[in-house]
Amino acid sequence: MKKTLNGLAKLTRFDEYVYFVIITTLLGVASARGTFDWRFFVIIPANWLAVGFAFMINDVEDAPDDALAHEKSRRNPISAGMITPKTARIASFAVGGLSAALFGVLGLWPFIFGLISLILGYLYSYRGIRLKTIAFFDILSHCLMLAGLQFLTGYFTYASKLGQNWFWPFTFVMAVSIYGEIYNEIRDIQGDREANLQHTAIVLGERTAHILMIIVLGLGIFAGAVSLIMIELIPLWVFFLMALLSILFVVPKILRIRREDSSMAIQGSLQKPFERATALALLLQYILPWLSDLLKLNLF
């Protein structure tokens, strides 16, 4: 039983997206000018479960191939023998069903966008289609499934229609997600070529893909600046808190960087601390004013 539970926990790969889902969801909430209430305790878990479903079904579908590669077989709890394919599939659809139910509690539009996220999560890895192996569709489905749709479910949890503040924050989260996917494809390009995959980075070539990654990063920075300065998506104190937390979380990582580490390795090691700092700051954006009002401190 313990082995099965450990396998199921590993199947979710929760640590890979826990912070990023908070960021994309709360940026959607902020764009809709949402407030801290019971819906926070529904929309964030709903998006966690939706993304978890995508990761879980990916390991279910990839298990036969992962079993042939030593490193991948250890990472995949199914090919590693920790859980059976049947157990993993049942658990995956249970997680997807619970996610859909939570989206349904939040209203029609969160349910629609949440359902689209779940469907994309399935088609991304399902062997009959495998969007992740189709050039350009891999990036589009990835950025929607793991960023854009979380933003939209968060947005429509607090708004009934698109207003004036959604476009640039939405562009920001999409650009960051596209950047991350291209980064991953470039990092794994040699092994994927040997496996005869035809995703975007392979079709474009490593140099062109790298240029595209830089362009998307620039778009993301611009969209983020517009969201922060012109739309005032988050208060200035949250931005400074985010910067302070980033320094606290990132500095220990920087001190452990070795000279021989590649730029890709350095970037990968710094990503999680930045995500953690941003997620915590965005949560405190809502929690601290709520506590201030509750305790009648009038700090905000």
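Residues numbered from 1 in each chain as written. Predicted model: local features only at pLDDT ≥ 70, side-chain atom pairs only at ≥ 80, totals over all residues. Heavy atoms only, no water.

## Digging into the overall build of the chain
Quick note on the threshold: Here a strand is any run of E in DSSP of at least two residues, a helix any run of H or I of at least four, and the numbering for each starts at the N terminus. Atoms counted for the radius of gyration: C-alpha only. Globule rule: 2.2 Å times the number of residues to the power 0.38. Burial classification: accessible surface area is computed with a 1.4 Å probe over protein chains only, and a residue below 20% of its type maximum counts as buried, one above 50% as exposed, and the rest as partly exposed. Note on contacts: a residue pair is in contact if any heavy atoms of the two residues lie within 4.5 Å.
Across its full length, the chain holds 13 helices and 0 strands. Listed N to C, the secondary structure of the chain is α-α-α-α-α-α-α-α-α-α-α-α-α in terms of helices and strands. Taken over the C-alpha trace, the chain has a radius of gyration of 20 Å; the compact-globule value for 300 residues is 19 Å, and the two agree within 12%. Seen along its three principal axes, the alpha-carbon backbone of the chain occupies a region of about 60 × 45 × 35 Å. Within the chain, the proportion of its 300 residues that are buried is 47%. Taking contacts inside the chain between residues at least 6 apart in sequence as the whole, the part at least 24 apart equals 74%.

## Observations regarding the pattern of salt bridges
In plain terms, the rule: The rule for a salt bridge is simple: a side-chain nitrogen of Lys or Arg has to be within 4 Å of a carboxyl oxygen of Asp or Glu.
A complete count under the given rule lists 10 salt bridges for this structure. Arg130 is the partner of Asp62 in a salt bridge, and the nearest nitrogen-oxygen pair spans 2.9 Å. Here Arg130 lies in the loop between helix H6 (108–125) and helix H7 (137–158) and Asp62 lies in helix H3 (residues 40–66), a separation of 68 residues in the sequence. Arg130 matches Asp62 in its accessibility class, with the two residues each being buried. Measuring nitrogen to oxygen at the nearest pair gives 3.4 Å for the salt bridge that ties Lys272 to Glu275. With Lys272 and Glu275 both in helix H13 (residues 263–294) and 3 residues apart, this pair spans about one turn of that helix. Note on Lys272: relative accessible area 26%, which makes it partly exposed. Among the residues examined, Glu275 registers a relative accessible area of 8% and is labelled buried. Members of the salt-bridge network, linked through shared partners, are Arg13, Glu16, Asp59 and Arg75.

## Focus: the packing of aromatic side chains
Here is the rule we go by: For Phe, Tyr and Trp, where Trp contributes only its six-membered ring, two rings pair if their centres lie within 6.5 Å, and the inter-plane angle classes them as stacked under 30 degrees, edge-to-face over 60, or tilted in between. Think of it as a cone above the ring: NZ of Lys or CZ of Arg counts as a charge over the ring if it is within 6 Å of the ring centre and within 35 degrees of the ring normal.
Following the criterion strictly, the structure yields 22 aromatic pairs and no others. Aromatic pair Trp168 and Phe222: ring centres 5.4 Å apart, planes at 80°, arrangement edge-to-face. Linking Trp168 in helix H8 (residues 167–187) with Phe222 in helix H11 (residues 206–229), this pair joins segments that are 54 residues apart in sequence. Ring-pair connections join several aromatic residues into one group, and the members of that group are Trp109, Phe113, Phe151, Tyr155, Phe156, Trp166, Phe167, Trp168, Phe170 and Phe222. In this structure, Arg276 packs its charged tip against the face of Phe249, placed 4.7 Å from the ring centre.

## Some remarks on the environment of Leu146
Examined against the element boundaries, Leu146 turns out to sit in helix H7. A relative accessible area of 14% places Leu146 in the buried class. Once the C-alpha coordinates of Leu146 and Gly52 are considered, the two residues, 94 residues apart in sequence, prove to be 9.9 Å apart. Beyond its immediate stretch of four places on either side in the chain, Leu146 contacts Phe20, Thr24, Val51 and Phe55.

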